[in-house]
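# Architecture at a glance
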Amino acid sequence: MVVIGAGQAGLAGAYHLRRTGFEPERDFVVLDHAPAPGGAWQFRWPSLTYGKVHGMHALPGMELTGADPARPSSEVVAEYFDAYERRFDLRVRRPVDVTAVREGAGGRLLVETSDGTWSARAVINATGTWDRPFWPRYPGQETFRGRQLHTARYPGPEAFAGLRVVVVGGGASGTQHLLEIAPYAAGTTWVTRRPPVFREGPFDEGVGRAAVALVEERVRQGLPPKSVVSVTGLSLNDAIRQGLADGVLHRLPMFDRITPDGVEWADGRRVDADVILWATGFRAAIDHLAPLRLREPGGGIRIEGTRAVADPRIHLVGYGPSASTIGANRAARAAVRDIKRLLTEEPVAA
Ligand SMILES: Cc1cc2nc3c(=O)[nH]c(=O)nc-3n(C[C@H](O)[C@H](O)[C@H](O)COP(=O)(O)OP(=O)(O)OC[C@H]3O[C@@H](n4cnc5c(N)ncnc54)[C@H](O)[C@@H]3O)c2cc1C
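A brief structural summary. Everything numeric in this text was worked out from a predicted model, so none of it was measured.

### Brief notes about the side chain of Glu180
When you line up the elements, Glu180 lands in helix α3 (residues 172-181). Residue class for Glu180 comes out buried when judged on its relative accessible area of 12%. At 2.7 Å, the side chain of Glu180 forms a polar contact with the side chain of Tyr154. If near-sequence neighbours (up to four positions away) are discounted, Glu180 is found in contact with Trp45, Ser47, Lys52, Tyr154 and Pro157.

Rendered as structure tokens:
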């Protein structure tokens, strides 16, 4: 078996494989193309401190205790994942880039990588979304003389000191960027495609469960999954309330084109800008699965539980409804249970 990705989802998968009696390197390998432990967390911006993350669930079998909330989450989580990998002897191979998964001989899958090819009876795909930032295209984009960057390369607010910044995107990243950048920047403008929806009350289990159910339904229909914020709305916390009160979170509709000096709307309104920051989200990093042709006409991969309906050897963990730390943990357990059943099933007599 091959586990692709060693973020929350992949490590939880490896943990459950071990607990089920499978041995790393003998029965399964974990491959990750990042240089070090930490999954996508290792790349998150320094001002995203551990205290600011929305609620990171620990990996199964080992709590994350005593972390300093003022430290960057990138460091805290990378250290925790590193300790976890060693504690459970998961032997992650890195950096190993998986380039393609295709049909092999005898009902096996071939996992092609930068470090050779593995033959596998099952694959847990846990590649997250961080490697596939989504950049929408707008007319004139290539003419912009300033800097354009995506959340995936957000360096923290100090880099925007004295600059005029347009932030695009109505999700959690967009609002966090604005609130951080505003005290440093010469000016900020917030544009979103749809008016943002703010939600009163805590993000409790009921809200989470309802959001997951909505994303689950999309995936069951073979549609591309949506982010959880797109179905829950933005939580009205103190920082957001303040941003709304002082105008930092004053939202404009999406501009119609980009000019060399900024952005412009069809009615002639324009805003000059030095930077356009695209907080426009991520898509599932699953291009390496393309040879298996799992995608439905709707553009997504239809899954039941974690199993791809079109190919029961492929499990997607951390995809769609399980794209959260708690969701990844649960999905990993379910995937391993399913794989064990698949591998130990008695062949039916002809
Ligand atoms: C800014 C931000 C903040 C977030 N905060 C929270 C939060 O507070 N709480 C929460 O529950 N969730 C949060 N999330 C969602 C979060 O990303 C997930 O909960 C979780 O960390 C994702 O884990 P994962 O294992 O699915 O993906 P990742 O952590 O992205 O791990 C995927 C791994 O796969 C590897 N990989 C990818 N492609 C390949 C390939 N082709 N070959 C080899 N390796 C590959 C990558 O190197 C990476 O290590 C946040 C997301 C973002 C963007």
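So much for the structure itself; the text now carries on.
### Here's the deal with the packing of aromatic side chains
Enumeration according to the criterion identifies 13 aromatic pairs in this entry. Ring centres 5.9 Å apart and planes at 50° place the aromatic pair Tyr80 and Phe81 in the tilted group. Exposure class is identical for Tyr80 and Phe81. Each is buried. Centroid distance Trp135 to Trp278: 6.5 Å. Interplanar angle 45°. Geometry classified as tilted.

### Here we look at the packing of helix α1 (residues 8-19) against helix α2 (residues 73-87)
Contact geometry for α1 and α2: axes closest at 11 Å, N-to-C directions at 20°. As summarised for this structure, α1 and α2 are arranged roughly parallel, according to the angle between their axes. Judged by the twist between their axes, the crossing of α1 over α2 is left-handed. Touching Gln8, Leu11 and Tyr15 of α1 are Phe81, Tyr84 and Glu85, all from α2.

### Here's the deal with unusual backbone geometry
Residue Arg94 is joined to Pro95 through a cis peptide bond whose omega torsion reads -5°. Note on placement: Pro95 falls in the loop between α2 and β3 (98-103). Non-glycine residue Glu25 carries a positive phi angle of around 75°. With respect to the helices, strands and loops of the structure, Glu25 is situated in the loop between α1 and β2 (29-31). Among the residues examined, Glu25 registers a relative accessible area of 31% and is labelled partly exposed. Of note in the backbone geometry, Asp89 takes a positive phi value of approximately 50° without being a glycine. Tracing the backbone through its elements, the reader meets Asp89 in the loop between α2 and β3. Classification of Asp89 as partly exposed rests on a relative accessible area of 33%.

### Quick word on the environment of Trp118
With respect to the element layout, Trp118 can be found in strand β5 (residues 116-120). Looking at Trp118, the relative accessible area reads 18%, which means it is buried. Each C-alpha atom of the pair Trp118 and Arg108 lies 9.8 Å from the other, and the pair is ten residues apart in sequence. The residues touching Trp118, leaving out its near neighbours within four places in the chain, are Val2, Val29, Leu31, Arg93, Val96, Leu109, Leu110, Val111 and Thr113.

Criteria and thresholds
- Throughout this document, residue positions are counted from 1 along each chain, in the order its sequence is written.
- With the structure being a predicted model, the display of local features is reserved for residues of pLDDT at least 70 and the display and counting of side-chain atom pairs for 80 or more, all residues being used for whole-chain, interface and lining totals.
- Side-chain measures here rest on the full set of heavy atoms in the structure, leaving out hydrogens and waters.
- Under the scheme used here, helices are H or I runs from DSSP no shorter than 4 residues and strands are E runs no shorter than 2 residues, and both carry numbers assigned from the N terminus.
- Each residue is placed in one exposure class: buried if its accessible area under a 1.4 Å probe, protein chains only, is under 20% of its type's maximum, exposed if it is over 50%, and partly exposed if it falls in between.
- Whenever two N or O atoms come within 3.5 Å, that pair is a polar contact, provided that in protein one can donate a hydrogen and the other can accept it, and provided that, for residues adjacent in sequence, both atoms are side-chain atoms.
- Here, residues are in contact when the closest pair of their heavy atoms is within 4.5 Å.
- Classification of ring pairs rests on two measures: the distance between centres of Phe, Tyr or Trp rings, Trp counted by its six-membered ring, which must be within 6.5 Å, and the angle between planes, read as stacked under 30 degrees, edge-to-face over 60 and tilted in between.
- Here an angle of 0 to 180 degrees is reported between the N-to-C directions of two axes, which are lines fitted to C-alpha atoms, with helices fitted over the stretch in contact.
- Working definition: roughly parallel below 35 degrees, roughly antiparallel above 145 degrees, roughly perpendicular at 65 to 115 degrees, and oblique for all remaining angles.
- By the definition used in this description, the sense in which the near helix is turned from the far one sets the handedness, with an anticlockwise turn below a right angle giving left-handed and a clockwise turn giving right-handed.

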